[in-house]
Amino acid sequence: MLQEDREAIQKMKADFEALADLSENDFKGHTSFARKMNHYSTVYTIATRNVPKAEYPGYDVGDLLYMDFQEMLTRYLLRYKDFHLTSTNEIFLKVLSIWDHYKVLMKWNIKAFSYLSRYYIVNHSKPSLKQVALSIFLEQIFKKEAPLISGVMQEMLVKERAGEAVNEEHIQNAAELFSAMKVDGSQNIYRETFLLPYIQRTKEDYEKLLLQWMSLPTATDFLERIQSALGEEKKRARYFLYDDEKFIMSNVEESLVNSPITHRRLLKSDDGFAKMLLARQEPQLKQCYELFSRRQSGLKELSAVLLKVIQYEGEQLFQKYEAEESKFNIVEYVQEMMKLQEVYPKIKAHCFQMDFVLSKSIRDGLESVFNGCVKMESKFSGKEHEVKFSDLLACYINIVLQEDSSLTFDDEVDRIVETIAYITDRDVFLLSLQEKMAERILSPLRRFNAAKERTLVTRIRQRCGPASTTYLEGMLDDFNLSNAFHAMTVLSNRGQAPAFEVSLLVTKKGMWISKLSTADTIKIPAKIQSVLENLREAYLEGTSGRQLAWTHENASAEVLAHFPGGNQTIFLSCPQALVLFMFNTEKDTVLLKECCDAYNMTIEMLQEILPPILKARILKRKGTSKDPEMGDELSFNEAYAVKKMRLRLPPTLKKMSVIANDEVTQKANQDRRPAIDACIVKIMKSRWTITHTKLLEECTRQLSSFFYS
């Protein structure tokens, strides 16, 4: 290096020393742009001068300038090697003061030597000037005083958390100093010296606070304190320790959410989350979710309590409505149950933000409730039975479809369909629904509204799939096709119109209930039989392979009766009408044996169909036993009074029991076997090889829309 360059560097160093001496005055008036450019020009001139290497053997001029940069900053910090101070606060403030001044000098020197960054540092892969400057401060000052600075800073943050007045600027400057010292792998110094001890101390503080909050009168107050503390801690971390906000808050949340105190106060206490759910306190439920959703483990604990509460509500309803069958209120019970599937999805949307974990708990809980049983004492046997909710829901639907009001029908269908989605034994439920539909169509006492029926079946199809409503849609199609046949018009066109009206209901074999699949043995009068044969010929005309079999036992009749007190139209079953036809002759009395012989009826059938006629006082029975016997005598009641123009007689006085029919369950089990076999074949043809466990899981998944495997 030339002599004039050495002199220029020495002058520059002396000028830098003079500048450092003015640190107490914050360098006022001595950091002009002209002065800074003089230093830059000196470095630039030396670095670009074309000097033979013989002038500085073994060294590059860049090396010398790079070392001069380090020397100037090191010599400044050596002034403060020993503070000779005893107070920790004084040392803390002194270090912050040195750091403030050092930042100015560091920036000044980096600008002055910035030409080195353009060629020397890049070509020689050296640390940047800023890294070198920070490393010098780290080695000369920070490593020695880091524990003290950390301790003072923690004390100030703890005081600030407690609400005491502190100098926030000092905390920010100390945080900035720690953040700046993350160079040359010194991240561990920051973590080990300040961050981890601060987090540990914060956890201990919150454990003490949780113990204090345990004495609060309600769980809601406890919850609000935790939420307030988390909000304040987040602001504190963002204001003072922005870079580590997420890490700090993660540890604080874990400490508060996973604390046994929090679980005991909010999840296990009498006025905690469970009571909030039962009382439908949406603001508090939302706060609980916001708290526990911060940690996955907290969310699992919350979902477990949610599941238990739903199951508890279901059990309470089961116990509330346990009664003898005749006293059981199906409508009230089912409506109370359906409120659960209305309330909890709303809570899920309003309070739980449709969270997946809690949504699964709600679904599992509702499935558990809607597939439970209510204990009921049979009105026939007196024994206690467990009746599934699906059977009661089918009875409830039967009641809804026969009501006159259509204003709320669509809303009621929505509620029913949403409830069906939680029933796992769906095939058993649909079979019960099928039986109820057949009863509404066939029974003269039932009201059948095809539009309402179609609406319900369509909604079930949309929710559960087309395969679930095949039989129900087939029954409705049969009903509509039969009505479109217009039996009287067809017979009139053929010149075979009878003296009485007749209508036809054609049911496909296997589509309807089992008792319609086989022809009965009842014989009907020849006059009616001839009309039916003509109707059979008209219906089968132009077809091949189609057969019709009459089931008179399931038929109904509309009879115009002439009584001494006036005329009356009676709606009743076909076997009941046949019994009344016996009195169209001049006979005053008829033996039951004569009815059996004339129409090929059994005494068991007569024992079932006669009580409604006898109860209406149309006929009188003369016999010794409680139930009708073959030798009993029937006679017309001369004193029968016509009170109404129309009279509807039930097919029997035996009331249908809501207790599950074993025949439905057996049929469901029979229908499941081919479905399971077909599913297994389908899976094996696509997979070829699969473990037994995986096969069970796949079968369950594919068949879950039909029934619970």
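Residues numbered from 1 in each chain as written. Predicted model: local features only at pLDDT ≥ 70, side-chain atom pairs only at ≥ 80, totals over all residues. Heavy atoms only, no water.

The name an unreviewed UniProt entry assigns to the chain is Cullin 1, from the organism Strigomonas culicis. Its UniProt record gives the chain the following Sequence similarities (unreviewed entry) comment, quoted word for word: "Belongs to the cullin family." (UniProt positions renumbered as here; feature names shortened; annotations may be inferred.)

**Q** Mind showing me how you'd approach the overall build of the chain here?
**A** Counting secondary structure elements, the chain contains 29 helices and nine strands. On C-alpha atoms alone, the chain measures out to a radius of gyration of 47 Å, which is more than a quarter above the 27 Å that the 2.2 N^0.38 rule sets for 709 residues. Dimensions of the chain, computed from C-alpha atoms along their principal axes, come out at roughly 150 × 65 × 45 Å. When each of the 709 residues of the chain is scored for burial, the buried share is 45%. Considering only residue pairs separated by 6 or more positions, the chain has 72% of its internal contacts joining residues 24 or more positions apart. For the chain, the accessible surface area stands at approximately 37700 Å², while carbon and sulfur atoms represent 50% of it. Counting 95 positive and 97 negative side-chain charges, the chain places the averaged centre of each group 2 Å from the other. (Helix = DSSP H or I, 4+ residues; strand = E, 2+ residues; numbered from the N terminus. Rg over C-alpha atoms; globule rule 2.2 N^0.38 Å. Buried < 20%, exposed > 50% of the residue type's maximum accessible area, 1.4 Å probe, protein only. Contact = heavy atoms within 4.5 Å. Areas by Shrake-Rupley, 256 points an atom, 1.4 Å probe, with all protein chains shown as cover. Lys, Arg positive; Asp, Glu negative; His and termini not counted. Charge placed at Lys NZ, Arg CZ, Asp CG, Glu CD.)

**Q** Quick question: what am I supposed to make of helix α17 (residues 356-370) here?
**A** Two residues of an α-helix separated by three or four positions point the same way, owing to the 3.6 residues in each turn. Across its 15 residues, α17 extends 21 Å between first and last C-alpha, which sits within 8% of the 21 Å expected from 1.5 Å per residue. Taken together, the buried positions of α17 are occupied by L358, S359, S361, I362, G365, L366, V369 and F370. Projected down its long axis, α17 carries its buried residues within an arc of 160 degrees, all on one side. In this structure, the buried side of α17 is in contact with α14 (282-292), α15 (296-320), α16 (330-350), α18 (389-401) and α19 (409-420). (Expected span 1.5 Å × (residues − 1). Arc of directions from axis to C-beta.)

**Q** Hey, could you run me through the environment of E253 in this one?
**A** Along the polypeptide, E253 turns up in helix α11 (residues 245-257). Given the relative accessible area of 12%, E253 is considered buried. Put simply, E253 and Y120 are 133 residues apart on the chain and 49 Å apart in space, counted from C-alpha to C-alpha. When sequence neighbours within four positions are dropped, the list of residues in contact with E253 reads L230, N258, R294 and R295.

**Q** Just to check I follow, could you spell out the confidence of the model for the chain for this structure?
**A** Interpretation of this model should avoid reading the predicted coordinates in detail wherever pLDDT is low. Considering every residue of the chain, the mean pLDDT works out to 84; 90% of them sit at 70 or more. By mean pLDDT, the top-scoring element of the chain is helix α13 (residues 273-278) (94), and the lowest-scoring one is strand β1 (residues 323-324) (69). (pLDDT = per-residue confidence, 0-100.)

**Q** Help me understand the packing of aromatic side chains in this model?
**A** The relation between two aromatic rings is expressed through the spacing of the ring centres and the mutual angle of the planes. Summed over all chains, the structure comprises 25 aromatic pairs. Measuring from centroid to centroid gives 5.3 Å for Y321 and Y333, while their planes differ by 65 degrees, and the two rings are edge-to-face. Taken as a pair, Y321 in the loop between α15 and β1 and Y333 in helix α16 lie far apart in primary sequence, twelve residues in all. A single burial state applies to Y321 and to Y333, both of which are buried. On the numbers, 5.1 Å between centres and 35 degrees between planes, the contact of F370 with F389 is tilted. Of this pair, F370 sits in helix α17 while F389 sits in helix α18, and the two are 19 residues apart along the sequence. (Phe/Tyr/Trp six-rings, centres within 6.5 Å; stacked < 30°, edge-to-face > 60°.)

**Q** Would you mind showing me how to read the sheet that holds strand β4 (residues 556-563) here?
**A** Remark on secondary structure: sheet strands pair via backbone hydrogen bonds, oriented parallel or antiparallel. Spatial ordering of the open sheet is given by β4-β5-β9, a layout of three strands whose pairing is mixed. Looking along the sheet, the strands with just one partner apiece sit at the ends: β4 and β9 (646-648). If you compare each strand with its neighbour and ignore which way they point, the axes differ by 25 degrees on average. Where helix α25 (residues 574-581) meets the sheet, its contacts fall on β4 and β5 (566-573), and the angle it forms with β5 comes to roughly 140 degrees. (Pairing = 2+ DSSP bridges. Axes fitted to C-alpha atoms, helices over the stretch in contact; angles between N-to-C directions.)

**Q** Before we go on, may I ask you to explain the side chain of N637 in this structure?
**A** With respect to the helices, strands and loops of the structure, N637 is situated in the loop between β8 (633-636) and β9. Polar side-chain contacts of N637 include one of 2.7 Å to the backbone oxygen of R617. Within the structure, the side chain of N637 is placed 3.2 Å from the backbone nitrogen of A639, a separation counted as a polar contact. Other than its neighbours up to four places away in sequence, N637 contacts R617, I618, L619 and K620. (Polar contact = N/O pair within 3.5 Å; in protein donor to acceptor, adjacent residues only side chain to side chain.)

**Q** Just to check I follow, could you spell out the environment of K126 for this structure?
**A** Relative to the helices and strands, K126 resides in the loop between α6 (120-124) and α7 (129-161). On a C-alpha basis, the gap between K126 and E412 in space is 78 Å, while along the polypeptide they are 286 residues apart. The contact partners of K126, leaving out residues within four places of it in the chain, are Y66, Y120 and I121.

**Q** What's the story with the sheet that holds β8 in this structure? I'm lost.
**A** Spatially, the three strands line up as an open sheet ordered β6-β8-β7, and their pairing is antiparallel. In the strand order of this sheet, the two ends are held by β6 (589-591) and β7 (619-622), each with one partner. Across the sheet, the axes of successive neighbouring strands diverge by a mean angle of 25 degrees, strand direction being ignored. The sheet contact formed by β7 and β8 spans four bridges and is antiparallel. In the sheet register, K622 faces β8, and the bridge partner there is E633. Strand contacts of helix α26 (residues 592-599): β6 and β8, with the helix running at about 70 degrees to β6, the strand carrying the most contacts. Docked against the sheet, helix α27 (residues 603-615) engages β7 and β8, running at close to 120 degrees with respect to β7.

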